[in-house]
Amino acid sequence: MKNVFQKQLRRDFGEQEYRNFVRMCHAELKGQNPEKLSYERKPIYYSMYETLQQETPEKLKKRSERLMETMYKAFQIGRHFWGITLFYVVANVVLIGLDLEYFVTCAGLVAMGACFLYKLVEFLTNKYCFVDAYLIMIYKTVLEKLSPSPLKIQD
């Protein structure tokens, strides 16, 4: 299962370029503290900057909007997971408490377990995607640098 950041990066840059970014990221982070260098001094930043530099302001704006939607979606997955977990526990207790036929209870528990397992994998995949979150942060920085500022101060 792919996390939402990985899907966004693959959609915006393509499969090959995404793999190239991940390779550069692993090489960059190997044996280094990522907080030591600013984003602008990293090869990934230069590569993304070169790719996006030729785009029109409208396309950059669309990319920024899609990026914000993706970040919101990742936030929502984390936020909703605890409600899903609570619902799963309560539904299991209620199903067991209904004292239905054994096979019906087991089928219901298996079905809810499968659904919960899917949501758990989705949550963990999105929560622990350090490399993709790191790439998204660099991508966001590049977009902010290339996008024209929305408010211009006039003298």
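Residues numbered from 1 in each chain as written. Predicted model: local features only at pLDDT ≥ 70, side-chain atom pairs only at ≥ 80, totals over all residues. Heavy atoms only, no water.

1. Focus on the packing of helix H4 (residues 57–97) against helix H6 (residues 130–146)
So, point 1. Between H4 and H6, the shortest axis-to-axis distance is 10 Å and the interhelical angle comes to 145 degrees. The two elements H4 and H6 cross, and the hand of that crossing is left-handed. Counting all contacts with H4, which are made through Leu60, Arg63, Ser64, Leu67, Met68 and Met71, the residues of H6 involved are Ile136, Tyr139, Lys140, Leu143 and Leu146. (Axes fitted to C-alpha atoms, helices over the stretch in contact; angles between N-to-C directions. Helix = DSSP H or I, 4+ residues; strand = E, 2+ residues; numbered from the N terminus. Left-handed = near helix turned anticlockwise from the far one by under 90°. Contact = heavy atoms within 4.5 Å.)

2. Describing a nonpolar patch on the surface
So, point 1. A grouping of Leu86, Val90, Val94, Leu98, Leu100 and Val104 is seen on the molecular surface, where their side chains present a nonpolar patch of about 530 Å² in accessible area.
So, point 2. The element contributing the most residues to the nonpolar patch is H4, with three residues.
So, point 3. Within the fold, Val90 resides in helix H4. (Patch = residues over 30% accessible without salt bridge, like charges linked within 9 Å, V, L, I, M, F, W, Y side chains within 5 Å. Areas by Shrake-Rupley, 256 points an atom, 1.4 Å probe, with all protein chains shown as cover. Salt bridge = Lys/Arg side-chain N within 4 Å of Asp/Glu carboxyl O.)

3. Structural notes on the nonpolar core
So, point 1. One finds Leu9, Met48, Leu52, Leu135 and Tyr139 to be the most contacted residues of the largest nonpolar core, which totals 27 residues.
So, point 2. Among the secondary structure elements, those contributing two or more residues to this core are helix H1 (4–13), helix H2 (15–29), helix H3 (43–52), H4 and H6.
So, point 3. Looking at this core element by element, the count peaks at nine residues for H6.
So, point 4. Not counting residues within four places of it along the chain, the set of residues in contact with Leu52 comprises Phe13, Leu60, Arg63, Tyr139, Val142, Leu143 and Leu146. (Core = buried A, V, L, I, M, F, W, Y, C linked by side-chain atoms within 4.5 Å. Buried < 20%, exposed > 50% of the residue type's maximum accessible area, 1.4 Å probe, protein only.)

4. Let's talk about the confidence of the model for the protein
So, point 1. With 88% of its residues at a pLDDT of 70 or more, the protein has an overall mean of 88.
So, point 2. Note on residues 151–155: pLDDT under 50 across the span, and zero contacts to partners over four residues away in sequence or across chains. (pLDDT = per-residue confidence, 0-100.)

5. With respect to the side chain of Gln6
So, point 1. For Gln6, the position within the fold is in helix H1.
So, point 2. The class for Gln6 is buried, based on a relative accessible area of 12%.
So, point 3. Within the structure, Gln6 has its side chain in polar contact with the side chain of Tyr18 (distance 3.5 Å).
So, point 4. The contacts of Gln6, once residues within four sequence positions are left out, are Tyr18 and Asp132. (Polar contact = N/O pair within 3.5 Å; in protein donor to acceptor, adjacent residues only side chain to side chain.)

6. Let's talk about the packing of aromatic side chains
So, point 1. Under the criterion given, the structure shown has eleven aromatic pairs.
So, point 2. On the basis of an interplanar angle of 75 degrees and a centroid distance of 5.1 Å, the ring pair of Phe81 and Trp82 is categorised as edge-to-face.
So, point 3. Overall, Phe81 belongs to the buried group, its relative accessible area being 5%.
So, point 4. In textbook terms, an aromatic cluster arises when at least three aromatic residues are bridged by ring pairs, as seen for Phe81, Trp82, Tyr88, Phe116 and Phe123.
So, point 5. The ring of Phe13 carries the charged tip of Arg63 above its face, separated from the ring centre by 5.4 Å. (Phe/Tyr/Trp six-rings, centres within 6.5 Å; stacked < 30°, edge-to-face > 60°. Lys NZ or Arg CZ within 6 Å of the ring centre and 35° of its normal.)

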